[in-house]
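Now for the letters of each chain:
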Amino acid sequence: MSLTERKTLLVTGGSRNIGAATCLMAAKKGWRVAVNYTANEEAANSIVAAIVAAGGDAFAIRGDIGSEAEILAMFKAVDERFGRLDGLVNNAGVVDQKARVDEMSVERLERMMRINVVGTILCAREAIRRMSTRHGGKGGAIVNVSSVAAELGSAGEYVDYAASKGAVDSFTIGLAREVAEEGVRVNGVRPGTIDTEIHASGGQPDRAGRVAPAIPMKRPGKAEEIAGAILWLLSDEASYATGTIVTVSGGR
Ligand code: NAP
């Protein structure tokens, strides 16, 4: 298959952990991959280097998912580099410091919703504009990374984060139905507690280990275990799945 015939995928927050595992697994399955990051250029470059070393095609693209201008520039860069878009993984997401709702500032809430919800919707919008047959596209697949927090609520920790993921789930269902006849499938993955750096970014570096006893499998998940579900939903094997949210949580 020539390079231009190979399917292309954009993974937001592809530089580290769940996003990085998704980029690596996608490349192994033959996707050309755009690896988005916002701050950690070195991490993004190392994922690109690993893909290229294994004979794949990838490039790193900086862009803050909390900014519409940067999202537009990112999609333009993907257009210029790949000339087509077949898949989007809306993976970039943030938590914040542990807090009760009665302690939360409007700045915190706006940042959380801007990145996790508005950013996800804007990236999906750009993908639909390129992939939907209504817009002359060839179809494609979108996977939105949610969280079991959407169901559990994260009381006393980050209810705002849980609410942002609840919004992502509703968006997944609605968008899936909106574009179901236009060749685009939209699904979600709800990870449980996964051993990544997101917990340290929220001031709780030991969180995954601490939560483990409450997980039926008694261990946190690995980034690759989430990537596997994402790649299935992107693949033709999931051709009849849309509006589905797959929970991958060790039974939690
Ligand atoms: P992580 O270790 O904190 O990595 C976050 C990734 O997102 C990095 O690649 C980071 O880029 C990127 N990112 C952060 N803010 C961004 C922004 N504004 N614009 C663009 N990229 C941005 O996170 P993770 O644990 O892999 O989580 C990935 C997704 O899974 C998130 O949506 C998260 O909510 C969800 N999730 C995680 C868990 C868990 O237990 N880990 C559980 C449920 C759901 P840089 O490298 O440039 O910083």
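The text that follows walks through the structure, step by step, so that each part is easy to find.

Rules of the game
- Residues numbered from 1 in each chain as written.
- Predicted model: local features only at pLDDT ≥ 70, side-chain atom pairs only at ≥ 80, totals over all residues.
- Heavy atoms only, no water.
- Helix = DSSP H or I, 4+ residues; strand = E, 2+ residues; numbered from the N terminus.
- Contact = heavy atoms within 4.5 Å.
- Salt bridge = Lys/Arg side-chain N within 4 Å of Asp/Glu carboxyl O.
- Buried < 20%, exposed > 50% of the residue type's maximum accessible area, 1.4 Å probe, protein only.
- Near = heavy atom within 4 Å.
- Polar contact = N/O pair within 3.5 Å; in protein donor to acceptor, adjacent residues only side chain to side chain.
- Areas by Shrake-Rupley, 256 points an atom, 1.4 Å probe, with all protein chains shown as cover.
- Nonpolar A, V, L, I, M, F, W, Y, C, P; charged D, E, K, R; others polar.
- Phe/Tyr/Trp six-rings, centres within 6.5 Å; stacked < 30°, edge-to-face > 60°.

Some points on the environment of V248
Line of reasoning, step 1. Take V248: it is sitting in strand β7 (residues 245-248).
Line of reasoning, step 2. For the pair V248 and A127, spaced 121 residues apart in the sequence, the C-alpha separation amounts to 25 Å.
Line of reasoning, step 3. Those residues in contact with V248, other than ones at most four positions away along the chain, are V189, R190, P191, G192, E225, I226 and A229.

Section: the pattern of salt bridges
Line of reasoning, step 1. For the structure shown, the criterion picks out 21 salt bridges.
Line of reasoning, step 2. Here R16 ties to E197 by a salt bridge, and the two come within 2.9 Å at their closest N and O atoms. Pair noted here: R16 is in the loop between β1 (8-11) and α1 (17-28) and E197 is in the loop between β6 (184-191) and α7 (198-201), with a separation of 181 residues, a long-range link.
Line of reasoning, step 3. By relative accessible area, which is 38% here, R16 ends up partly exposed.
Line of reasoning, step 4. On the basis of relative accessible area, E197 is assigned to the partly exposed category, the value being 41%.
Line of reasoning, step 5. Between R125 and E68 there is a salt bridge whose closest N-O contact spans 2.9 Å. Of this pair, R125 sits in helix α4 (residues 106-131) while E68 sits in helix α3 (residues 68-82); the two residues are 57 residues apart in sequence, bridging distant segments of the chain.

Remarks on the environment of L109
Line of reasoning, step 1. Turning to its location among the elements, L109 is positioned in helix α4.
Line of reasoning, step 2. For the pair L109 and K218, spaced 109 residues apart in the sequence, the C-alpha separation amounts to 32 Å.
Line of reasoning, step 3. Once residues within four sequence positions are removed from consideration, L109 is found in contact with M104 and D160.

A closer look at the site of the ligand
Line of reasoning, step 1. Taken together, 31 residues lie near the ligand, and S15, N17, N91, Y161 and T196 sit nearest.
Line of reasoning, step 2. At 2.7 Å, a backbone N or O of A39 approaches an oxygen atom of the ligand.
Line of reasoning, step 3. In the model, an oxygen atom of the ligand is placed 2.8 Å from a nitrogen or oxygen of the N40 main chain.
Line of reasoning, step 4. In the complex, the protein chains occlude 94% of the 900 Å² of accessible area that the ligand would expose alone.
Line of reasoning, step 5. When residues of the shell around the ligand are traced back to their parent elements, those giving at least two are α1, β2 (32-37), α6 (159-178) and α7.
Line of reasoning, step 6. Looking at the shell around the ligand, its residues break down into 12 nonpolar, 15 polar and 4 charged.

Focus on the packing of aromatic side chains
Line of reasoning, step 1. Counting across every chain of the model gives 2 aromatic pairs.
Line of reasoning, step 2. Residues F59 and F82 carry aromatic rings whose centres are separated by 5.3 Å and whose planes lie at 85° to one another, so their mutual orientation is edge-to-face. You can see F59 sitting in strand β3 (residues 58-62) and its partner F82 sitting in helix α3, a full 23 residues away along the chain. F82 shares its class with F59; the two are buried.
Line of reasoning, step 3. Here the aromatic rings of Y158 and Y161 are separated by 5.2 Å at their centres, their planes lie at 70°, and the arrangement is edge-to-face. Summarising the burial analysis for this pair, Y158 and Y161 share the class buried.

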